[in-house]
Amino acid sequence: MIPIIQNSLKYTDKTAVIDQGGSYSYSDLYRSAVNTAKAIKSLSENDSPVLYMIPSGFDYLKVQWGIWLCGRIAVPVHIAHPKQEIDYLIEDTGADLLIYDEQAVEHLVDFEQHNIRKISINELESVRPIMDLKLDEINIHNDALMIYTSGTTGRPKGVVIGHQQLDAQIRSLTKAWNWSSDDRILNVLPMHHIHGMVNISCCALYNGAVLEMHRKFEPDIVRFKMSSGELTLFMAVPTIYHKLIEHFETLGQNEKDNWQQGMKKMRLMVSGSAALPVSVLEKWNEISGHILLERYGMTEIGMALSNPLEGERRPGTVGQALPFVSVKVMDELGNQINEPNTAGELFVKGETIFKRYWNKTEETRMSFEDEWFKTGDVVEFSADGYFKILGRKSSDIIKSGAYKISALEIENAMLAFPGISECAVVGLPDDQWGEIIAAVVVGDISESEIRKRLKDCLAHYKHPRRYIFVDTLPRNAMGKIKKAEIVNTFFGA
Ligand code: MLC
Ligand code: AMP
């Protein structure tokens, strides 16, 4: 059986999920997942991945678990993805089934061009299910998830995570942060990335906690839920804490007091997925009384480093290796760095590491050295073992609002627009967003035309927010665009 589902069965009548539609017990979730699995099986006996476009909530979970219970790989797709992103995912995964919520999906595309069956959640309910679901055959060795992540080369890659790795990731965080069935957490993060999906949702359900799911981050919802005094945990990205601080400043004294009283009852608040500015950590500490626990992770490896639950949470660092994870720092010549405060690339090994990139054997091979995954993050550690993230090896990876974005993917999309002869995309440092995406364009096209065209092809969080039009791009002797110079010269950053 699948560990997360197996473990959750201990909690039968306890509340598992609360969403805008109501409240559901662990038994409700299991029963609905089994019915979903039977319906999926009766639609196709195939073992290809299944795409699902469902907003954060009970339906998302029942479909995800349903896909798992028929032994197939669950591929979450953001409900606001435009047609071309979905086309790419359908082609790359080879999926034969897409389950969607017709009320929520923003761009309901014409799937006729693909060899895929699409079915809405409502239609799925009325499918006559097969009766012989062989649950015993589904086990820890099955692939569980495929999460698409941007790389340094072109289009996003599917990161395949098996139930075994997922289980190790959950157990690691359960141990480190002391999850239990007394916990109650609010999720406001998107469910197509591991922060919302694994760290929050899977950990909560494995441990019998209450998972409150809100479709989207809204500051007053977070305030309202925290003020209730019922939450024990909150996990978010730095941009969200930045926005919550701004929201706090707009409130009257009564609202501030209620929020602060509620937060006093919480046991832990975590930040991750992008660098947490020390100023945000300090301001949030003043407001909430909590020292944010900052941790570091990546789609391919789950969580790797974390400040401690007990003991010193050191601002500006991401702490030390989590349970079941080994880390080392390597220099450019391939030697391990043992000297503190020396920059090098972080390598990670352990049970939590992903299995492979989907249909990319060579890229999978290249991303490992022996069994160590090469993260591409430059780090250093202190004499007492606390790690600092110094940046990425490649300037073509941008982190904006904690989404990882490939500059090359945006450039390739824009170069296909008529009128653009050259372009370069860079990340500009920004207090709120971590980085803001900016584009420098050579050609005869307006900013509004570029914005309009991008809406059809890239997810909204990949859109540049600033544009500059120039006659030529600065290049080095090899013809490579000088991105650092672009950031300095054109944006003065
Ligand atoms: C949106 N806006 C941006 C922007 N995104 N502006 C600059 N840069 C960006 N990246 C603008 C919009 O145009 C809009 O402007 C306004 O902000 C509100 O847009 P929105 O879409 O409603 O934003 P919001 O919902 O507030 O989104 C912010 C956010 C979101 C932080 C909630 O970005 C988010 O959910 N990020 C989390 C991503 C995540 O889960 N990453 C984890 C990956 S896993 P206007 O002018 O129209 O108002 C990973 C591993 C690990 O990293 O370690 O966890
Ligand atoms: P993703 O590929 O979306 O999973 O993003 C993973 C990347 O996010 C890592 O490789 C880091 O570059 C970055 N990241 C995650 N957590 C942190 C953190 N706490 N501080 C700085 N960068 C982080």
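For the structure itself, look to the data block above.
Residues numbered from 1 in each chain as written. Chains lettered and ligands numbered in written order. Predicted model: local features only at pLDDT ≥ 70, side-chain atom pairs only at ≥ 80, totals over all residues. Heavy atoms only, no water.

(A) Expanded view of the sheet that holds strand S15 (residues 320–321). Judged by pairing direction, the sheet is mixed, and its nine strands sit side by side in the order S2-S1-S10-S9-S11-S12-S13-S14-S15 without closing on themselves. Looking along the sheet, the strands with just one partner apiece sit at the ends: strand S2 (22–25) and S15. The strands that helix H2 (residues 26–43) touches are strand S1 (15–19) and S2; relative to S2, the one it contacts most, it runs at about 80°. (Pairing = 2+ DSSP bridges. Helix = DSSP H or I, 4+ residues; strand = E, 2+ residues; numbered from the N terminus. Contact = heavy atoms within 4.5 Å. Axes fitted to C-alpha atoms, helices over the stretch in contact; angles between N-to-C directions.)

(B) Quick peek at the site of ligand 1. Looking at ligand 1, there are 24 residues lining it, with Lys216, Ser273, Arg295, Lys399 and Arg465 nearest. Here Arg295 contributes a side-chain N or O atom positioned 2.6 Å from an oxygen atom of ligand 1. Backbone polar atom of Ala402 to a nitrogen atom of ligand 1: 2.9 Å apart, as the coordinates give it. For ligand 1, whose unbound accessible area comes to 1,100 Å², protein coverage reaches 73%. Elements that contribute at least two residues to the shell around ligand 1 include exactly helix H7 (194–206), helix H9 (238–249), strand S13 (293–298) and strand S22 (397–400). (Near = heavy atom within 4 Å. Polar contact = N/O pair within 3.5 Å; in protein donor to acceptor, adjacent residues only side chain to side chain. Areas by Shrake-Rupley, 256 points an atom, 1.4 Å probe, with all protein chains shown as cover.)

(C) Region of interest: the state of the cysteines. Applying the stated criterion to the full structure yields zero disulfides. Just so you know, Cys202 is unpaired, no disulfide at all, and the nearest cysteine sulfur is the one on Cys203, 7.1 Å from it. By relative accessible area, Cys202 is classed as buried at 1%. (Disulfide = S-S within 2.5 Å. Buried < 20%, exposed > 50% of the residue type's maximum accessible area, 1.4 Å probe, protein only.)

(D) Fine view of the sheet that holds strand S24 (residues 420–430). A sheet is described by the order of its strands in space; here three strands give the open sequence S24-S25-S26, paired in mixed fashion. Taken across any chain shown, the strands that pair with only one partner, and hence form the sheet edges, are S24 and strand S26 (466–469). For this sheet, the mean angle separating the axes of adjacent strands, direction not counted, is 25°. Relative to the sheet, helix H13 (residues 407–415) contacts S24, strand S25 (434–443) and S26, its axis offset from that of S24 by approximately 150°. Seen against the sheet, helix H15 (residues 483–491) touches S24, S25 and S26 and runs at an angle of roughly 80° to S24.

(E) Representation of the layout of surface pockets in the model. By volume, the second largest pocket is sized at about 470 Å³. Surrounding the second largest pocket, 22 residues form its lining, Thr152, Lys157, Tyr357, Ser367 and Lys374 being those nearest its centre. The element best represented in the lining of the second largest pocket is strand S20 (residues 372–381), accounting for four residues. (1 Å grid on protein atoms, 1.4 Å probe; cavity = no way out; pocket = protein on both sides within 12 Å on 5 of 7 lines; lining within 4 Å. Points joined across faces, edges and corners; volume = space filled by probe spheres on them.)

(F) Just the site of ligand 2, in detail. Close to ligand 2 lie 16 residues, the nearest being Glu294, Arg295, Thr299, Asp377 and Lys404. Here a nitrogen atom of ligand 2 sits 2.7 Å away from a polar atom, N or O, in the main chain of Arg295. Between ligand 2 and the protein, one listed contact pairs an oxygen atom with a side-chain N or O atom of Lys404 at 3.1 Å. For ligand 2, whose free accessible area comes to 500 Å², the fraction covered by protein is 92%. Elements with a contribution of two residues or more to the shell around ligand 2: S13 and strand S21 (387–392). Of the residues forming the shell around ligand 2, the biggest block, five residues, is contributed by S13.

(G) Here's a closer look at empty space enclosed by the protein. If you walk through the whole model with that rule in mind, you get two cavities of 30 Å³ or more. One number sums up the size of the largest cavity: a volume of about 170 Å³. Along its surface, the largest cavity is lined by 14 residues, and His81, Tyr148, His192, His193 and Tyr461 are the ones closest to its centre. Tallying contributions element by element places strand S7 (residues 143–149) first for the lining of the largest cavity, with three residues. A breakdown of the residues in the lining of the largest cavity according to their chemical character gives six nonpolar, five polar and three charged. Two domains each put at least three residues into the lining of the largest cavity: domain 1 (3–138) and domain 2 (397–492). Empty space within the second largest cavity amounts to approximately 30 Å³. As for the second largest cavity, its lining consists of Ile2, Pro3, Ile4, His163, Leu166, Asp167, Ile170 and Tyr206. Counting only elements with at least two residues in the lining of the second largest cavity, the list comes to helix H1 (3–8) and helix H6 (163–177). The greatest single-element share of the lining of the second largest cavity, amounting to four residues, is contributed by H6. (Nonpolar A, V, L, I, M, F, W, Y, C, P; charged D, E, K, R; others polar. Domains from an automatic or database assignment.)

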